[in-house]
Amino acid sequence: MNLREENQLLEEKILSTKASLSINSKGREREENNCEIRTPFQRDRDRITHSKSFRRLKHKTQVFLSPEGDHYRTRLTHTLEVSQIIRTIARALHLNEDLAEAIALGHDLGHTPFGHTGERVLNTLNKKGFHHNEQSLRVVSFLENLNLTFEVKDGILNHTGSLKAHTLEGRLLKFCDRIAYINHDIDDAVRAGILNQSDLPKDTMEVLGHSHGQRINTMIIDIIKNSRNKDDIKMSEDIEFYTNKLRDFMFEEVYLNKKAKKEEEKAEYLIEQLYRHYVKNIDSIPKEFRHNPGDKEDIISDYIAGMTDRYAIKKFNNIFVPSPWHK
């Protein structure tokens, strides 16, 4: 018996009957020989963390566009915070921690430069629409060709909106994503001078906690208490109400705040001009992108969505800003 087989036997002994066992995975689109050491979900986690798309997240916006301060979150640090929260809850619920972590690490691989601003522009320009969760699935399935298991891909695709993953590990991600971004975006907004701690709704702070750590701890413990040995992932009505109230507050005061988003119009213009340029000049996109499955607009969306903030700015400058003459 090799190490992988030992680990899979251990999963059967210690994990909840509600957990997704790696030995019961629905498998990969292309069949592969099993690793002797890692379970399929561990293998997926490693493939994601070694991918180019994962590395590029470090230079993609979370909330504040191309922040210069070292302490602001990026899309990568957001992903890492989500992965730590989901591991804590998955372990407490005796769910498959490896599967949960893999889904968390891959859930935002399809995000655009300049955060949801870039996503919104591409969704308008591409006739078929553009959604970062669908693009994340496209990244792991085609652009990076990672050949992940069904369970990881399902969790990545169904982590947002009204979508619902087939596994409890996948459903858990939706909660952990929200816990992470609500709380770390408060931290960044205070650092940026957009919010003061005293601005936060007092009734919400009394219930959830007055500090970053207290609020996260309250939300995590509530999910564990209300989801243990259940067929779904849940928060209590009280904690969910105040979590959603805090999220609504963040939309009103930060996500749609004119001061915080004063550069968004420039980012929208930049993405739109790049898109329209490549519609007319598709051959200027690197060959490896032009061989992607899909039509012309899909290829352009793939290329732009994969850009970091700074690379998008560089491409815009190269295309539209005159260079000084050099003899």
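To start, this report covers the structure provided alongside it. Owing to the predicted nature of the structure, the values given are computational and were not obtained by experimental measurement. (Residues numbered from 1 in each chain as written. Predicted model: local features only at pLDDT ≥ 70, side-chain atom pairs only at ≥ 80, totals over all residues. Heavy atoms only, no water.)

## Some remarks on the overall build of the protein
On a plain count of helices and strands, the protein comes out with 16 helices and zero strands. Taking 2.2 N^0.38 as the reference for a compact globule, 327 residues should give roughly 20 Å; the C-alpha atoms of the protein span a radius of gyration of 21 Å, in line with that estimate. Viewed in the frame of its principal axes, the protein has a C-alpha envelope of about 70 × 55 × 35 Å. A buried classification covers 53% of the 327 residues belonging to the protein. (Helix = DSSP H or I, 4+ residues; strand = E, 2+ residues; numbered from the N terminus. Rg over C-alpha atoms; globule rule 2.2 N^0.38 Å. Buried < 20%, exposed > 50% of the residue type's maximum accessible area, 1.4 Å probe, protein only.)

## A few points about the pattern of salt bridges
Within the structure shown, the criterion is met by 31 salt bridges. For R38, the salt bridge identified is with D46, shortest N-O distance 3.0 Å. Among the residues examined, R38 registers a relative accessible area of 26% and is labelled partly exposed. We note a salt bridge from E101 to R45, for which the minimum N-O separation is 3.6 Å. In this pair, E101 is assigned in helix α5 (residues 97–106) and R45 in helix α2 (residues 40–49), connecting sequence segments 56 residues apart. By relative accessible area, E101 is classed as buried at 11%. Through salt bridges with shared partners, a single ionic network connects R38, R45, D46, R87, R91, E97, D98 and E101. (Salt bridge = Lys/Arg side-chain N within 4 Å of Asp/Glu carboxyl O.)

## Re the side chain of T308
Relative to the helices and strands, T308 is located in the loop between α15 (296–305) and α16 (309–320). At a separation of 3.1 Å, a polar atom in the side chain of T308 contacts the main-chain amide nitrogen of Y311. The residues contacting T308, other than those within four sequence positions of it, are R56, H59, K60 and P113. (Polar contact = N/O pair within 3.5 Å; in protein donor to acceptor, adjacent residues only side chain to side chain. Contact = heavy atoms within 4.5 Å.)

## Overview of the environment of D203
Note that D203 resides in helix α10 (residues 202–208). For the pair D203 and L246, spaced 43 residues apart in the sequence, the C-alpha separation amounts to 10.0 Å. Once residues within four sequence positions are removed from consideration, D203 is found in contact with Y242 and K245. Side chain to side chain, D203 and T204 meet in a polar contact 3.4 Å long.

## Things to note about unusual backbone geometry
The backbone of H94 sits at a positive phi, close to 60 degrees, despite the residue not being glycine. Its location among the elements puts H94 in the loop between α4 (75–92) and α5. Under the relative-accessibility criterion, H94 is labelled partly exposed at 37%. Even without glycine at this site, N229 takes up a positive phi of about 60 degrees. Here N229 lies in the loop between α11 (212–227) and α12 (237–255). Looking at N229, the relative accessible area reads 64%, which means it is exposed.

## Let's talk about the nonpolar core
Note that soluble globular proteins tend to have their nonpolar side chains buried in a common cluster. One finds I89, V152 and L172 to be the most contacted residues of the largest nonpolar core, which totals 61 residues. With near-sequence residues (within four places) excluded, L172 lies in contact with I86, I89, A90, L95, I223 and I233. (Core = buried A, V, L, I, M, F, W, Y, C linked by side-chain atoms within 4.5 Å.)

## What about the packing of α4 against helix α9 (residues 168–191)?
The N-to-C vectors of α4 and α9 enclose an angle of 130 degrees; their axes lie 8 Å apart at closest approach. The angle between α4 and α9 places the two elements in the oblique class. In this structure, α4 meets α9 at a crossing whose hand is right-handed. Contacts from H78, E81, V82, I85, I86, I89 and A90 in α4 reach E169, L172, L173, C176, D177, I179, A180, Y181 and H184 in α9. (Axes fitted to C-alpha atoms, helices over the stretch in contact; angles between N-to-C directions. Parallel < 35°, antiparallel > 145°, perpendicular 65-115°, else oblique. Left-handed = near helix turned anticlockwise from the far one by under 90°.)

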